[in-house]
Amino acid sequence: MSESIVRTRRWSRLEYDRLIEEGVFQPGERLELLAGQLVVREPQGTPHATGIRLVTRALREVFADDRWIVDMQLPVALDEESEPEPDVTVTAGDPRDYLPSHPARPVLVVEVAEANLALDRKEKGSLYGRARVPEYWILNLRDRVLEVYREPHPDPSAPHGWAYRSRQSLAAGEHVTPLGAPTARIAVADLLP
Amino acid sequence: MSETLQVRTRRWSRTEYDRLIALGIIQEDERLELLAGELVLRDRQSPGHAYAIEAVSEALRDAVAPGGHVRILSPIALDGESEPEPDLSVVPGAIRDYRDDHPSQPTLLVEVADTSLTFDREYKGSLYARARVPEYWIVNLNDRVLEVYREPGPDTSALYGWAYRAVQSLNAEEHVSPLAAPTARINVADVLP
């Protein structure tokens with residue numbers, strides 16, 4: 001269906017949460033709300049799953065104290081029309097802080113990308129930028145690099161009007177220091193499956 | 001390297017759609033149609049659009065009685081993933097036959113098109129043909145013609161694998177007899193604003 005001739009209904013985050021509460025979705029459905037669209041998450045292969053585990057392990061070592069939560073594929077209340085479930089997030093606080101509502105302000109979001117790089121770079125990159133997520137990583141399994149995005153800023157050419165100004169692509173021999181853990185040093189090689 | 005954004009959005013069945021309405025998650029006054037699993041927004045009607053609906057209704061009402069009747073903007077249970085609300089439909093039987101279920105076997109569907117012409121031709125035309133609706137009219141306000149589509153058949157080049165084989169474009173001087181009322185004679189001029 002061509003987007004130019006059809007406008008589909010968009011969902012707010014509150015409506016999406018209500019759909020979940022009412023049990024409208026089938027058990028085991030993998031969905032994310034992205035800019036009002038209910039996007040189906042593709043099934044994951046073992047490289048993708050391994051990438052998620054490696055990133056999670058590395059980030060839990062770095063964000064080790066109890067001021068931080070490192071989550072795998074849990075919902076983020078990103079904005080009024082988006083509730084993604086990023087592969088890995090780092091959020092400030094205690095798990096019980098998020099009993100009333102999902103975390104809205106992660107300090108770092110990571111997606112592991114194999115086939116669908118365009119979705120993670122353009123669509124999600126613009127959404128996370130718009131929500132002022134200060135740092136976004138894409139573990140790019142196709143090219144075996146870690147893409148590091150920082151400094152969200154308005155960009156009219158981006159799908160949601162925002163993009164990251166600083167973009168780095170780090171190869172296996174390089175290191176990365178998360179903004180939220182300025183003394184840490186993570187080898188990119190440790191993140192790649 | 002070109003990157004195409006591939007996003008699959010969640011598709012809805014007609015049963016789920018009816019439940020969303022029953023739960024009040026979708027408001028009754030939202031102008032929506034379920035088309036091949038997608039919740040598509042309908043455009044507002046221009047005065048010419050509304051006029052054409054009423055004029056076609058008036059022209060058909062007596063012609064299709066008593067074996068059938070005319071409905072305006074009412075839902076049709078078209079298939080498992082489609083519940084359109086055509087501008088006008090002719091369905092068999094009496095109004096009280098559809099107290100519990102929407103009609104599923106219309107004999108004629110009519111859409112009035114100005115901005116939606118491509119959508120009504122390619123998208124809805126293929127969907128209605130796939131459901132074996134025997135006759136489909138588009139009141140084409142741009143070109144001031146009545147487009148008459150008949151003989152649904154498989155067509156691999158069509159959006160949903162079906163299309164109408166017989167296509168006629170009738171101008172204001174011509175007239176049409178619906179398949180459902182072969183003795184009736186409707187002047188195209190009478191249905192154009």
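Residues numbered from 1 in each chain as written. Chains lettered and ligands numbered in written order. Predicted model: local features only at pLDDT ≥ 70, side-chain atom pairs only at ≥ 80, totals over all residues. Heavy atoms only, no water.

**Q** Quick question: what am I supposed to make of the pairing of strand E1 (residues 32-35) of chain B here?
**A** The two faces of a sheet get side chains in turn, since along a regular strand they alternate between them. Side chains B:Leu32 and B:Leu34 project from E1(B) onto one buried face, and the interleaved B:Glu33 and B:Leu35 project onto a second face that is buried too. Hairpin connection of E1(B) to strand E2 (residues 38-41) of chain B: 2 residues between the antiparallel strands, including B:Ala36 at a positive phi of 50°. (Buried < 20%, exposed > 50% of the residue type's maximum accessible area, 1.4 Å probe, protein only. Helix = DSSP H or I, 4+ residues; strand = E, 2+ residues; numbered from the N terminus. Pairing = 2+ DSSP bridges.)

**Q** Is there a simple way to think about the pattern of salt bridges in this case?
**A** Between side chains of opposite charge, pairing is possible as soon as their charged atoms come close. Residues and elements named next belong to chain A. Under the definition given, this model contains 30 salt bridges over all chains. The partner of Arg 130 in a salt bridge is Asp 79, and the shortest N-O contact between them spans 3.0 Å. Of the two residues, Arg 130 sits in helix H3 (residues 117-130) while Asp 79 sits in the loop between strand E3 (68-72) and strand E4 (88-92), which places them 51 residues apart along the sequence. A network of salt bridges, in which partner residues are shared, links Glu 32, Arg 41, Asp 87, Glu 111, Asp 120 and Lys 124. (Salt bridge = Lys/Arg side-chain N within 4 Å of Asp/Glu carboxyl O.)

**Q** Whenever I open this one, helix H1 (residues 14-22) of chain B confuses me. Can you help?
**A** The periodicity of an α-helix, 3.6 residues per turn, causes residues three or four places apart in sequence to face the same way. Within H1(B) the residues assigned to the buried category are B:Glu16, B:Tyr17 and B:Leu20. The buried residues of H1(B) occupy an angular sector of 100° when projected down its axis, which confines them to one face. In this structure, H1(B) carries B:Thr15 and B:Ala22 as exposed residues pointing more than 90 degrees from its buried face. Looking at the buried side of H1(B), the elements it contacts are helix H1 (13-21) of chain A together with E1 and E2 of chain B. Where H1(B) terminates, the next one or two residues include B:Gly24, which has phi positive at roughly 80°. (Arc of directions from axis to C-beta. Contact = heavy atoms within 4.5 Å.)

**Q** Please explain the side chain of A:Asp120 as it appears in this structure.
**A** Inspection of the secondary structure assignment puts A:Asp120 in helix H3. Note on A:Asp120: relative accessible area 7%, which makes it buried.

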